[in-house]
Amino acid sequence: MELNKLLKTLLVVAPIFALGACSSTDSASDASGSESGMDGGSYGGVETGSAAGMMTAEEQARMKQEQLRRENVIYFDFDRSEVSPQSEETLMAHGNYLVENPSVRILIEGHSDERGTPEYNVALGERRAKAVAKYLQSMGVQPSQMSIVSYGEEKPQDLSRTDEGFSMNRRAVLVY
Amino acid sequence: MKRILKWAVLLGAVLTVPARAALDIVITEGVDAARPIAVVPFVWQGTGPVPSQISDVVASDLTRSGTFKPLDPRGLPQSGIASLAEFAPQQWSGINAEAAVVGTIKPYGPDQYLVTFDLIDLIKAQAGQGVQNKQELLLESRQTVITSAQFRQYGHRVSDIVYEKLTGIRGAFLTRIAYVLINHGDKVPYRLMIADYDGYNEQMLLRSPEPLMSPSWSPDGRRLAYVSFENRKAEIFVQDIYSQNRVKVSSFPGINGAPSFSPDGKTLAVTLSKDGQSEIYTIDIATKTTRRITNHYSIDTEPSWFPDGRSLLITSERGGRPQLYKVELDSGKLTRLTFDGEWNLGGSITPDGRHIVFVNRTNGKFNIARMDLETRFMQVLTSTRLDESPSVAPNGTMVIYGTTHQGRQVLAAVSMDGRFKARLPVGQGEVKSPSWSPFL
């Protein structure tokens, strides 16, 4: 009887702890609090839910930037070297980080698919890497923070030689 | 000591066997148009088994030339004939072939062999009555002493003589090819290789964890210029293929690419992007002095020398799409050469200076094409997939190039008239960027 009461109390209290833990953390590791919520749910087959962490707008923005920065590959259209609108968000995340951290340096690799000749593709890959560098520079990243290498078609990511494979290989990679 | 030697020999065998298989030729087109010829197995005049059959090398060379089609030796009217003296013209009357090669191999001394061969005119023999003396049937006759290590090489020499006698064109059988072999799964995937033109005697010149590109021969066939990314940037090296001595010739910021030796061997034409966009420069190999040749905001690359050494053929995007241009070194005067198809790039000039061979893109397909510089007539030579890196044989009869077959990069060859086509499949990995050596 006593035990039962204690359990009931725990069931109510545990999610509150979970919520508290969530709002007090400013790391991006656990936004939903589901891990701690599941602890509470392990009693008697009950599951608990929780509200999303209360993050400030600033925290949310920083988290999103971090996620975007994990994307370090920018893809290009065939024989083109313009940064596509879809890639801009990712590039801006890298740019903001590099502006805030002027001591951080990156290598921008330019790549192409295997159509055309190897040396033409080296030139094309460099143009892509330069387009990325120019974009970042326009955000305030210092030229000294960036170096460029073009591998052309020599380091394909996808060896299938299909149209999808080619589109995976037409890329610039930001290497920290 | 003996044991070590045994192991070394065994290891050698293990290493060379797959290398040989790496470049087995498959003729895909053009056998019907080839001229029949009889290559009679050379007569072995020693004891024990013949060390190596020279006539096999000759038959295989003549087949690979695309010009000749050796008849099945089992169907020949006479076998075991050593020379013209044993040749019986009446027995060959029904044989559809223009000439017969006969010869002998005889022990001559310690590790020395005397090789003789006669090239017999079958057309004249079959004409019959006009021939007073059998000697009139002799087109060529040679004898030479070789060592056991020189059997293949001498076979190529015989092929050169036969080919030139019957076509009037110098044979290119004593030549080599350089190429890049890639095994993407390996820790050290990139290898710069050379081999005899037929894939035998494959040797590795350099192995690197980072890409190797664009090997190009010096005119004396002793050195190779190539691009290496071993220092995480593009750099141009020149390597002596015998001494292994390597010299870094170009390591500017950005692209250092597309090296090509001038006809006198003293200068490299290259692509550099040190001043902004990719442009054509020449570099004096001894002094490292650079001279800028082109100046345009679009891509200029892939320089190749005209035989007189006074102009370069280049790929330029200045017209909106990659096309081939001729640029004069002294005046800087630029002339556009190609207009057919969507793209034309990666060009080189045939040894006679009359044609250019390049990659043409039409309807999105990349194939090897040839254009007559005088008439401007362009002919697409190949129908394989994703063709690139054409390199012309020093006698101008054949083009070797990189292509994609069953999802892998392989080498292929096509005759200058587009009739003969062959594939050189690989055992393992991908092969690309072939470069045909000059005459050796």
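- Under an unreviewed UniProt entry, the name given to chain B is Tol-Pal system protein TolB, and the organism recorded is Shewanella jiangmenensis.
- The UniProt entry for chain B carries this comment under Subcellular location (unreviewed entry): "Periplasm".
- Turning to chain B, the UniProt record has this under Function (unreviewed entry): "Part of the Tol-Pal system, which plays a role in outer membrane invagination during cell division and is important for maintaining outer membrane integrity."

- Chain A appears in an unreviewed UniProt entry as Peptidoglycan-associated lipoprotein from Shewanella jiangmenensis.
- Turning to chain A, the UniProt annotation filed under Subunit (unreviewed entry) states: "The Tol-Pal system is composed of five core proteins: the inner membrane proteins TolA, TolQ and TolR, the periplasmic protein TolB and the outer membrane protein Pal. They form a network linking the inner and outer membranes and the peptidoglycan layer."

With respect to the overall build of chain B
Logical step 1: Looking only at helices and strands, chain B has four helices and 31 strands in total.
Logical step 2: For chain B, the C-alpha radius of gyration of 24 Å lies close to 22 Å, the compact-globule estimate for 440 residues.
Logical step 3: A principal-axis box enclosing the C-alpha atoms of chain B has dimensions of 70 × 65 × 40 Å.
Logical step 4: The contacts of chain B with a sequence gap of at least 6 include a subset with a gap of at least 24, amounting to 44%.

Considerations on the packing of helix α3 (residues 57-70) of chain A against helix α4 (residues 85-100) of chain A
All names here are of chain A.
Logical step 1: Contact geometry of α3 with α4 gives a least axis separation of 8 Å together with a crossing angle of 110°. Considering their axes alone, α3 and α4 lie roughly perpendicular with respect to each other. Across the interface between the two elements, Lys64, Gln65, Leu68 and Arg69 of α3 pack against Glu89, Thr90, Met92, Ala93, His94, Asn96 and Tyr97 of α4.
Logical step 2: When the residues that make up the contact of α3 with α4 are grouped by side-chain class, the tally is four nonpolar, four polar and three charged.

A closer look at the UniProt feature "domain: OmpA-like" (unreviewed entry) in chain A
Logical step 1: Under the UniProt annotation, the feature "domain: OmpA-like" (unreviewed entry) is placed at residues 63-176 of chain A.
Logical step 2: Helix makes up 46% of residues 63-176 of chain A and strand 18%, whereas the separation of the span's terminal C-alpha atoms amounts to 19 Å.

Considering the sheet that holds strand β1 (residues 73-75) of chain A
Residue and element names in this part refer to chain A.
Logical step 1: Overall, mixed pairing links the four strands, which are arranged β1-β4-β2-β3 in an open sheet. With one partner strand each, in any of the chains shown, β1 and β3 (146-152) form the two edges of the open sheet. The mean inter-strand angle of the sheet, taken between neighbouring strand axes irrespective of direction, is 20°.
Logical step 2: Pairing of strand β2 (residues 106-111) with β3, which is carried by six bridges, proceeds in the parallel orientation.

Considering the side chain of A:Thr117
Logical step 1: With respect to the element layout, A:Thr117 can be found in the loop between β2 and α5 (118-138).
Logical step 2: Look at A:Thr117 and you get buried, because its relative accessible area is 2%.
Logical step 3: Beyond its immediate sequence surroundings of up to four residues, A:Thr117 is in contact with A:Glu153, B:Glu302, B:Leu345, B:Gly346, B:Val359 and B:Glu388.

Quick notes on the interface of chain A and chain B
Logical step 1: Contact with chain A, which involves 26 residues of that partner, is made by 42 residues of chain B.
Logical step 2: Taking both partners together, chain A and chain B bury about 2,800 Å²; carbon and sulfur atoms supply 56% of that area.
Logical step 3: In this assembly, chain A and chain B are joined by six salt bridges.
Logical step 4: Among the salt bridges present, the one from B:Glu317 reaches A:Arg127, with a minimum N-O distance of 2.7 Å.
Logical step 5: Remark: the boundary between chain A and chain B carries 17 residue pairs in polar contact (both at pLDDT 80 or more).
Logical step 6: Looking at the side of chain A that touches chain B, the elements with two or more residues in it are α5 and β3 of chain A.
Logical step 7: Here the side of chain A that touches chain B takes nine residues from α5(A), the largest share from any one element.

Here we look at the environment of B:Tyr401
Residue and element names in this part refer to chain B.
Logical step 1: Tracing the backbone shows Tyr401 in strand β28 (residues 398-405).
Logical step 2: With a relative accessible area of 3%, Tyr401 lands in the buried category.
Logical step 3: Sequence separation of Tyr401 and Ala413 is twelve residues, and the distance between their C-alpha atoms is 6.2 Å.
Logical step 4: At 2.8 Å, the side chain of Tyr401 forms a polar contact with the side chain of Thr384.

What about α4(A)?
Residue and element names in this part refer to chain A.
Logical step 1: The end-to-end C-alpha distance of α4 is 23 Å, a good match for the 22 Å that 16 residues give at a rise of 1.5 Å each.
Logical step 2: For α4, the full list of buried residues reads Ser87, Thr90, Leu91, Ala93, His94, Gly95 and Leu98.
Logical step 3: Where the residues of α4 are buried, they touch α3, β1, β2, α5 and β4 (171-175).

Comments concerning the layout of surface pockets
Logical step 1: Here the largest pocket is characterised by a volume of approximately 1,000 Å³.
Logical step 2: Split by residue class, the lining of the largest pocket holds 21 nonpolar, 16 polar and two charged.

As for the pattern of salt bridges
Logical step 1: As enumerated under the stated definition, the model contains 30 salt bridges over all chains in all.
Logical step 2: In this structure, A:Lys130 and A:Glu126 form a salt bridge, with 3.3 Å as the shortest nitrogen-oxygen distance. Of the two residues, A:Lys130 and A:Glu126 are both situated in helix α5; the distance of four residues between them amounts to about one turn of the helix.
Logical step 3: In this structure, B:Arg361 and B:Glu342 form a salt bridge, with 3.0 Å as the shortest nitrogen-oxygen distance. Placement of the pair is B:Arg361 in strand β24 (residues 355-362) and B:Glu342 in the loop between β22 (334-336) and β23 (343-349), with a sequence separation of 19 residues.
Logical step 4: Here the salt bridges share partners, and the residues they tie into one network are A:Glu153, A:Glu154, B:Glu388 and B:Lys432.

Focus on unusual backbone geometry
Logical step 1: In this structure, A:Asp79 takes a positive phi of about 55° despite not being glycine.
Logical step 2: Among the structural elements, A:Asp79 can be located in the loop between β1 and α4.
Logical step 3: By relative accessible area, which is 7% here, A:Asp79 ends up buried.
Logical step 4: If you check the backbone angles, B:Ser433 has positive phi at about 50° while not being a glycine.
Logical step 5: Looking at where B:Ser433 falls in the secondary structure, it is placed in strand β31 (residues 430-436).

Here's the deal with the nonpolar core
Logical step 1: Membership of the largest hydrophobic core comes to 40 residues, with the highest contact counts inside it found for B:Ile37, B:Ile54, B:Phe117 and B:Val162.
Logical step 2: Among the elements that make up this core, the one with the highest residue count is helix α4 (residues 151-167) of chain B (seven residues).
Logical step 3: Filtering out sequence-adjacent residues up to four positions away, B:Val162 remains in contact with B:Ile37, B:Leu62, B:Val101, B:Phe117 and B:Leu119.
Logical step 4: Core analysis: the next-biggest nonpolar cluster, separate from the first, contains 39 residues, A:Ala123, A:Leu124, B:Val357 and B:Ala412 among them.

About the thresholds
- Residues numbered from 1 in each chain as written.
- Chains lettered and ligands numbered in written order.
- Predicted model: local features only at pLDDT ≥ 70, side-chain atom pairs only at ≥ 80, totals over all residues.
- Heavy atoms only, no water.
- UniProt positions renumbered as here; feature names shortened; annotations may be inferred.
- Helix = DSSP H or I, 4+ residues; strand = E, 2+ residues; numbered from the N terminus.
- Rg over C-alpha atoms; globule rule 2.2 N^0.38 Å.
- Contact = heavy atoms within 4.5 Å.
- Axes fitted to C-alpha atoms, helices over the stretch in contact; angles between N-to-C directions.
- Parallel < 35°, antiparallel > 145°, perpendicular 65-115°, else oblique.
- Nonpolar A, V, L, I, M, F, W, Y, C, P; charged D, E, K, R; others polar.
- Pairing = 2+ DSSP bridges.
- Buried < 20%, exposed > 50% of the residue type's maximum accessible area, 1.4 Å probe, protein only.
- Buried area = accessible area lost by both parts, 1.4 Å probe.
- Salt bridge = Lys/Arg side-chain N within 4 Å of Asp/Glu carboxyl O.
- Polar contact = N/O pair within 3.5 Å; in protein donor to acceptor, adjacent residues only side chain to side chain.
- Expected span 1.5 Å × (residues − 1).
- 1 Å grid on protein atoms, 1.4 Å probe; cavity = no way out; pocket = protein on both sides within 12 Å on 5 of 7 lines; lining within 4 Å.
- Points joined across faces, edges and corners; volume = space filled by probe spheres on them.
- Core = buried A, V, L, I, M, F, W, Y, C linked by side-chain atoms within 4.5 Å.

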